[in-house]
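Below, each chain spelled out in residue letters.
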Amino acid sequence: MSTNRLKRKKFLDKLLIKNRLIILNENTFEEIFSFKLNIMSVFVSLSLSAIFLILITTVLIAFTPLREFIPGYSSSQLKRDATVLALKSDSLSFALKKNEAYIKSIQKVLNGDLEYTKFNKDSILSSADEEPEPVNLSPSKKEMELRERVAQEENPLAASPKGRSRNPKK
């Protein structure tokens, strides 16, 4: 236990020992400037400068148009334009459906398939707004037979009349 304390104490002492950094002119050996440093202050200053550099880079990318140059980011103008174009295409497809229904009904009248007295523009437009037919989700006979077969294979006791009285679930 005491050896660990001694090692820790020596390590902390090494971190706090003052050292001098001197920059000399090589030709004249003239001292240009010098610093008194210790290892701890160098470590702290390098860590703080790295954190500062990372923060500045993040702020520049996040809050300036530079983020558009990063793959995966798109400009806000591009997103707005895409939304407007999607809305326009939806309205155009709706108008196209109405026009197609109108043209088909006019063709029926011109071909003689429909009497003119039954022709009404409002009924044509309302037929273009029809909702899709509901889908029948009830199981077919084949599906019901398959379900029964699978149930019999999973639990053979449940299939027999004697087994049903023993089965605690039923």
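Just so we're clear, the structure is a prediction, and the values are computed from it rather than from any experiment.

Reading the values: rules and limits
- Residues numbered from 1 in each chain as written.
- Predicted model: local features only at pLDDT ≥ 70, side-chain atom pairs only at ≥ 80, totals over all residues.
- Heavy atoms only, no water.
- Helix = DSSP H or I, 4+ residues; strand = E, 2+ residues; numbered from the N terminus.
- Buried < 20%, exposed > 50% of the residue type's maximum accessible area, 1.4 Å probe, protein only.
- Contact = heavy atoms within 4.5 Å.
- Areas by Shrake-Rupley, 256 points an atom, 1.4 Å probe, with all protein chains shown as cover.
- Expected span 1.5 Å × (residues − 1).
- Pairing = 2+ DSSP bridges.
- pLDDT = per-residue confidence, 0-100.
- Phe/Tyr/Trp six-rings, centres within 6.5 Å; stacked < 30°, edge-to-face > 60°.
- Salt bridge = Lys/Arg side-chain N within 4 Å of Asp/Glu carboxyl O.

Peer 1: Sorry, what's going on with the overall build of the protein here?
Peer 2: In terms of helices and strands, the protein carries seven helices and two strands. The buried share among the 170 residues of the protein stands at 6%. Partitioning the contacts of the protein with sequence separation of at least 6, the portion at a separation of at least 24 is 18%. For the protein, the accessible area works out to roughly 15900 Å², and carbon and sulfur atoms hold 62% of it.

Peer 1: Sorry, what's going on with helix 1 (residues 2–16) here?
Peer 2: Each turn of an α-helix holds 3.6 residues, which means side chains three or four residues apart point in the same direction. In this model, helix 1 (15 residues) spans 21 Å end to end at C-alpha, consistent with the 21 Å of a helix rising 1.5 Å per residue. Taking burial as the measure, the 15 residues of helix 1 include one buried ones, a minor fraction of the element.

Peer 1: Help me understand the environment of Ser34 in this model?
Peer 2: Relative to the assigned elements, Ser34 resides in strand 2 (residues 31–37). Sequence separation between Ser34 and Leu24 is 10 residues; the distance between their C-alpha atoms is 8.8 Å. With sequence-adjacent residues up to four places away left out, Ser34 is seen in contact with Arg20, Leu21 and Ile22.

Peer 1: What's the story with the pairing of strand 1 (residues 19–24) in this structure? I'm lost.
Peer 2: In regular strands, side chains alternate between the two faces of the sheet. The pairing of strand 1 with strand 2 spans six bridges and is classified as antiparallel. Bridge assignment links Ile22 to a residue of strand 2, and that residue is Ser34. Hairpin geometry of strand 1 and strand 2 is characterised by an intervening segment of six residues between the two adjacent antiparallel strands and by a positive phi of about 55° at Phe29.

Peer 1: Would you mind going over the confidence of the model for the protein with me for this structure?
Peer 2: The pLDDT averaged across the protein works out to 82; a share of 80% of its residues lies at or above 70. Considering each helix and strand of the protein separately, the mean pLDDT is smallest for helix 7 (residues 161–166), with a value of 49, and largest for helix 2 (residues 39–63), with 94.

Peer 1: Teacher, can you tell me more about the packing of aromatic side chains here?
Peer 2: For any pair of aromatic rings, the description consists of the separation of the ring centres together with the inter-plane angle of the planes. One pass over the full model with this rule turns up one aromatic pair. Ring geometry for Phe33 versus Phe35: centroids 5.4 Å apart, planes at 75°, classification edge-to-face.

Peer 1: What is the right way to read unusual backbone geometry from this model?
Peer 2: Most peptide bonds take the trans configuration, and most residues that are not glycine carry a negative phi. Look at Phe29: it is not a glycine, yet its phi comes out positive at around 55°. Here Phe29 shows up in the loop between strand 1 and strand 2.

Peer 1: Would you mind going over the pattern of salt bridges with me for this structure?
Peer 2: A side chain of one charge can pair with a side chain of the opposite charge if their charged atoms are brought near each other. One pass over the full model with this rule turns up one salt bridge. Ionic pairing is found between Glu143 and Arg147, a salt bridge with its closest N-O pair at 2.9 Å. You can see Glu143 and its partner Arg147 sitting in helix 5 (residues 141–154), four residues apart, about one turn around the helix. With relative accessibility at 34%, the residue Glu143 sits in the partly exposed group.

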